[in-house]
Every structure is written in C-alpha cells, then in structure tokens.
Amino acid sequence: MLKELNEDSGFHVSIKSILGIGAGMATVISMWFILQADIAEAKELPIPPDPEITRMEFDMKDQLVRQTIMTTQEDVTELKEDLDRIEQKIDKLK
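Residues numbered from 1 in each chain as written. Predicted model: local features only at pLDDT ≥ 70, side-chain atom pairs only at ≥ 80, totals over all residues. Heavy atoms only, no water.

## Re the overall build of the chain
- Within the chain, the secondary structure is distributed over two helices and zero strands.
- A globule of 94 residues ought to have a C-alpha radius of gyration of about 12 Å, yet the chain, at 39 Å, is considerably larger.
- Each principal axis of the C-alpha atoms in the chain carries an extent, and together these give about 110 × 50 × 20 Å.
- Here the chain, with 94 residues, has 0% of them falling under the buried criterion.
- Carbon and sulfur atoms form 64% of the exposed surface of the chain, whose accessible area is close to 10,000 Å². (Helix = DSSP H or I, 4+ residues; strand = E, 2+ residues; numbered from the N terminus. Rg over C-alpha atoms; globule rule 2.2 N^0.38 Å. Buried < 20%, exposed > 50% of the residue type's maximum accessible area, 1.4 Å probe, protein only. Areas by Shrake-Rupley, 256 points an atom, 1.4 Å probe, with all protein chains shown as cover.)

## What to know about the pattern of salt bridges
- Applying the stated criterion to the full structure yields four salt bridges.
- Aspartate 59 is the partner of arginine 55 in a salt bridge, and the nearest nitrogen-oxygen pair spans 3.5 Å. Highlighted residues: arginine 55 and aspartate 59, both in helix α2 (residues 55-93), separated by four residues, approximately one helical turn.
- You can call arginine 55 exposed: its relative accessible area is 59%.
- Close ionic contact of arginine 85 with aspartate 82 constitutes a salt bridge, the shortest N to O distance being 2.7 Å. Residue arginine 85 and its partner aspartate 82 are located together in helix α2, separated by three residues, close to a single helical turn.
- For arginine 85, a relative accessible area of 46% puts it in the partly exposed group.
- With relative accessibility at 32%, the residue aspartate 82 sits in the partly exposed group. (Salt bridge = Lys/Arg side-chain N within 4 Å of Asp/Glu carboxyl O.)

Encoded structure:
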C-alpha cells in the first residue's frame, strides 16, 4: 500500500490541530520577544561598584591573623612541654 506523493496528494488536518500548532507557535514567539526585552533591560542596568576594603576592616583582619598565629604558637609550646613530660616518664619506665 505504497502511495506516491504528487501534485494531487493531500492530507487532512483538523481545526483543533491547526489551533494547537498556532498556539504553540504564538507561545514560542512571545517567549522569544520577552527574552530579548529582558536581555536589553539587563544591558542597561548599572555595573555594581568594586568592593572597597576600608582601613578599619584591613586592620581588624590583620589583628585576627596575628592573634591566631600567637594562639597557635602558644598551643605548640604547650604540646612541646607535654611531649617533654611524656618522654621523661617513658625514660623513667625504662
């Protein structure tokens, strides 16, 4: 049952199908134009300013880093003392 396509060939499309295709095309086209408008609006928005680091913020961060270093140094000193005590106890056990 092969049919040839020629000038006399035709096909039937219901009104419901035509309306569905039209609605789908209208949706896609309207989405395209809305997207283009949003892109154009975004291009006109001002560029956010570069964040500036204030002197006070820099000093506070610097102080925090220095304090952390000192705390770490104190912890290391305590650990060394503990290690020395542990070594002395081990030596006594030998």
